[in-house]
Structures are given as C-alpha cells and as structure tokens.
Amino acid sequence: MTEYHFKTPISEEDIRKLKVNDVLYITGTIVTARDQAHRRALEYFKEGKQLPVNLEGLAVFHCGPVVSKEGDKWVAVAAGPTTSTRMDIFEDEFIKNFKVRVVIGKGGMGKRTTDAMAKYGAVYGAFTGGAAILAAKAIKKVKGVEWLDLGTPEALWIFEVEDFGPLAVAIDSHGNNIFMDVAKNVEENRKKIYQKLGLQI
Amino acid sequence: MEIANVVENVAFNLIKQAVIYLPEDVKQALKKAYAEETSAAGKTQLKAILDNIELAEKYKAPICQDTGTIIFYANAGADVKHLDKIENALINATRKATKEVPLRPNAVDPFTQKNSGDNTGRFIPYINWDIVPGDTLELTVMTKGGGSENVCTTGMLVPGEGINGLKKFVIEAVIKAGSQPCPPTILGVAMGGGSDIAIKLAKKALLKPLNEPNPNPEIAKLEKELYEAANMTGIGPMGLGGKTTVLGVHVEYAFRHPASFPAAVAFNCWAARRATARIHADGTVEYVTHKGRV
C-alpha cells in the first residue's frame, strides 16, 4: 500500500504506477458527472461538439453536491460520491473519448469499466460514501458549473481541489478490481452462512 | 402560536438536526465497528466516516450530500386540533430546510425528469399517519438516502419454507446489495401483511434505536442471527472487504394470508438519519432524539 499525491493533468505514465490498495490524493481540477451528464457528454462527442470543459488528464467525480450561492459565487457545502455502478454503461466510452485518468465514486464498477481502464490507462478511486464534508473541505473553489439545466445534482461542477482524498485505488490500470475480489470472497462465505443457518442452497 | 406555525418550526428543526447530527446510537455503533474491524481497507473507511461525522457537527453541515427523500411519520393524538393544517406545514418546512440548511433538491418528476428544486412534489414529502390516543403530536423525520433505497426489496416467499425462507431472502438481499447501500448498513426486515405492508413495516423498523433489540425474545434471536450472518459475508465497510457489513437488524411482522408469505428488506446507509419531537397540547415541544441540538 503506497500513498500517492498527484496533480492534474495526470499523465498515463503516472496513472500506470498505481496498484489496487494504494491510496491517492489529488490536487488540481476534478469535474462531477452523474448519469445525465455522462449521457449528454457522449451525445456531444457523437455529434462532434466540444465539451464545455476539457477533461484530459483530469478526474471525473460521480457526485451530486449540495451547493449554495454566496453572492455570485457557488460554494460546495457537501460533496460525497454517488453509486458508480449506474455509470457503468457509459464509463468505457467516456474514458476512451475524453481521456480522464481517474474516476472517483463509491461502490465500484464492473468489468466493462475495468477493461477500459486497463486499455486506456485510468484508475477508479473509491471515496468513502457519505463522507461529504471530508470531500467538501478539500474543495478549495468552485471554478465553474455547466449544464445546470440538468438540475444541480446532475450538472457538471468544476472543482479546484487540494489533496482530495483518501481515494482507495479499487480498480487499477492493470485489470485488478478489489470489488470483484470481494465478490468472489462473498460467494465462498455464502456457503458457510447457509451451513450455519441450516439452509439449503 | 397557531399549530401550523409550531409544526412548521419543529419540522424544520427536525430536518436540520437529522441531516447534520447522527443519532447517538448510530454513532456508538460506528465507533464500536471501527474498534473491532480487522480489515485495513475497512478500517480506513470507518475512520473516514467517523472523521466526517465530527466535521459535519463542527461545521453544522449535512453529513452526506444526499440529504435524501424527506419522509415524515406522524403519530397524531386523536384530540390534537387542526390536524388538517399539518400536511401543509410539513411541506413548508421542507421547502424552508431545502433553502436554509441547505438540502440537495431530490424530488424529480418521473414523467418529465424535471427536478422541482425544493424537495416537494406529488406525494413528497411523504407523510405516514398513525392515529393514537391523547393530545400529543409526535413527529419523526427520516431523510432517506437514494443509494440504500435502490437495494430495498420485497418478495413473495413460499409459505412452506417458513422462517428459513425469510433468512435466505435477507442474506441474498445483503449479498446482492453488496457495496451499493454504503455499508455498514442497518436492515429493516418484515414479513407478513401483504407486499405493501411488509415493505412499510420494514422501512418503519429502521427508526428503532440500534441498542434496543425486539422485546419478543424469539424475534430478538432472529435479529441477532441475521446480524451475524450478514456480517459473515465479508462485504465490509463500503464494500471494500471486512467484517462490518451491518450495524443492526430490526425485524417486524404482521399476520399473513395462508397462501402468501410477503417479505421485505429495507436498507439504511450508515448515515441513518432520523429525528423525533413531541408537540404537546399546551404548545410545549420536546425534542426526543436530539436534545440540545436546536
């Protein structure tokens, strides 16, 4: 388990250094995107339209923050991760097209995303679900917001962050996925549980 | 003061208390889990959770950015006056809390996908009414996170399998949910009634304090058995592996139709937010779960 502190934009070479169980902190720019923003971003790409923000080398954050407007400035009040599996249907194309290096979320992602991360050089950083103030305190500034018409949870929030983490590297760019390992372990444990409770599979 | 104003004020305070301060029983259970967790990854997650709880209290900010769907449980004394004014007061309190706490706007029209922006809409906030004797109105708010809601489940089991069928149903629900509901979770389990009744009872069971097992020893035994079994799965904190998958299990039941065995599992994330207050006939207010947090 090694601790890394990376600044955005992150290079493919740096991201390939990370292995599962490493801990990562990010300084620089991270951009939130949930279901609707992923869908729209991929539509833009298909139509050859530019995204309002260049995501190359940045981190995409599965998050719908609580924000408040103080004067004409937005402030991130609470900003923990949302469940990433919902983005599994978009993420491989998203990584391929926009060259993001880190996907931040909770709950892990599946084989499609794991394969894309290995192929194009990206990792999944698990941030503790619900730890919204821990996240908000690392957000130094809301640099901008795009696609507010999707509603505040679904908009693209562009955050300037300092030592954003801890992110548990749960999927690396070498095909390893902690969540898939845990799932295998759970399969084994299921047998023991059934035995203990006197149940039949 | 008119009852509508009192209720609006109290409901606003309850929402604010619930989203910022976890109930004491949940905090204690998380501290115990941190002390006992043996997986390094799991321990890191529990540490982040405990740090976050402290920060939320310090900055008086919502524990989690998903401030949930606002659900009220109203135990209305039959002699409480102006009960017809309460629904509107709860809606106003929700709007005010969304703006002032603030809360994330979480009410979306399923037809147009438009977010109302103030956490209200058709049937939202939802109010569960119970009529009880007396002249006191007891109000509870549950701000229910979406991640844990997405894995709640109902099933019509085979009556012939009895309680064993229920045990299997619960274990499979926990395994299927995996990392998604932000473990360590709290489980509300219910059987009987009907499909709607089972899930309603299961969800309401989430309001019970963790340190209070069911007074019926047979049910308490089942709760303990399910708790131990869920923690044997190895899913662990945030699904990264470990021995803390659930913090507690509450079981509820209703009688069932001979041909049906409805069952339900309701999940609550570790940020199990709830707050209760009693409004008495003389207008005095007693905060039950969050004394001194107004």
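No experiment lies behind these values; they were computed from the predicted model shown. (Residues numbered from 1 in each chain as written. Chains lettered and ligands numbered in written order. Predicted model: local features only at pLDDT ≥ 70, side-chain atom pairs only at ≥ 80, totals over all residues. Heavy atoms only, no water.)

Q: Could you give an account of the domain arrangement of chain B, naming the residues involved and the relevant values?
A: All names here are of chain B. Partitioning chain B into structural domains gives domain 1 (3-21 + 63-145 + 273-287) and domain 2 (147-268). Every contact between the two is made by 12 residues of domain 1 and, on the other side, 13 residues of domain 2. When domain 1 packs against domain 2, the two sides together hide about 940 Å² of surface, and 51% of this comes from carbon and sulfur. Contact with domain 2 buries surface across domain 1, with Y73, K144 and R274 losing the most and accounting together for 51% of the total. The interface formed by domain 1 and domain 2 includes 2 salt bridges. The residue K144 makes a salt bridge to E149 at a minimum N-O spacing of 2.9 Å. Taken together, domain 1 and domain 2 are joined by 8 residue pairs in polar contact (both at pLDDT 80 or more). Put simply, the parts of the chain that give the side of domain 1 that touches domain 2 at least two residues each are β1 (69-77), β2 (126-132) and β3 (137-144). The residue inventory of the side of domain 1 that touches domain 2, partitioned by class, reads 4 nonpolar, 3 polar and 5 charged. (Domains from an automatic or database assignment. Contact = heavy atoms within 4.5 Å. Buried area = accessible area lost by both parts, 1.4 Å probe. Salt bridge = Lys/Arg side-chain N within 4 Å of Asp/Glu carboxyl O. Polar contact = N/O pair within 3.5 Å; in protein donor to acceptor, adjacent residues only side chain to side chain. Helix = DSSP H or I, 4+ residues; strand = E, 2+ residues; numbered from the N terminus. Nonpolar A, V, L, I, M, F, W, Y, C, P; charged D, E, K, R; others polar.)

Q: Any details on the interface of chain B and chain A? Residues and values, ideally.
A: With 41 residues of chain B at the contact, the number on the chain A side is 42 residues. Taken together, both faces of the contact between chain B and chain A bury some 3,500 Å²; the carbon and sulfur share is 65%. The tally of links between chain B and chain A comes to 2 salt bridges. Its salt-bridge partner being E172 of chain B, residue R190 of chain A comes within 2.6 Å of it at the nearest N-O pair. Across the contact surface, chain B and chain A share 18 residue pairs in polar contact (both at pLDDT 80 or more). Taken together, the elements giving at least two residues each to the side of chain B that touches chain A come down to α3 (40-59), α6 (162-177) and α8 (217-231) of chain B. Residue contributions to the side of chain B that touches chain A peak at 8 residues, all from α3 of chain B.

Q: Describe the pattern of salt bridges, and please don't skip the residues or the numbers.
A: All names here are of chain B. Tallying each qualifying case throughout the model produces 30 salt bridges over all chains. Here D25 and R274 are joined by a salt bridge, their closest N and O atoms 2.8 Å apart. One end of the pair, D25, is in helix α2 (residues 24-36); the other, R274, is in strand β8 (residues 274-279), with 249 residues separating them in the sequence. Residue classification places D25 among the buried residues on the basis of a relative accessible area of 11%. With a shortest N-O distance of 2.7 Å, K27 and E57 are connected by a salt bridge. With K27 in helix α2 and E57 in helix α3, the pair connects residues that are 30 residues apart, well separated along the chain. E57 matches K27 in its accessibility class, with the two residues each being buried. Salt bridges sharing partners connect three or more residues here, namely E24, K27, E57 and R293. (Buried < 20%, exposed > 50% of the residue type's maximum accessible area, 1.4 Å probe, protein only.)

Q: Provide a residue-level description of unusual backbone geometry, including the pertinent values.
A: Glycine aside, residues mostly have negative phi, and peptide bonds are mostly found in the trans state. Cis geometry marks the peptide bond from T8 of chain A to P9 of chain A; its omega dihedral reads -5°. The residue after P183 of chain B, namely P184 of chain B, is reached through a cis peptide bond having omega 5°. Checked against the element boundaries, P184 of chain B lands in the loop between α6 and β5 (185-191). With phi around 80°, N21 of chain A is a residue other than glycine that occupies positive phi space. Relative to the helices and strands, N21 of chain A resides in the loop between α1 (12-15) and β2 (23-32). Exposure remark for N21 of chain A: the relative accessible area of 41% places this residue in the partly exposed category. The backbone phi angle of C182 of chain B is positive, close to 60°, even though this residue is not glycine. With respect to the helices, strands and loops of the structure, C182 of chain B is situated in the loop between α6 and β5. Given the relative accessible area of 8%, C182 of chain B is considered buried.

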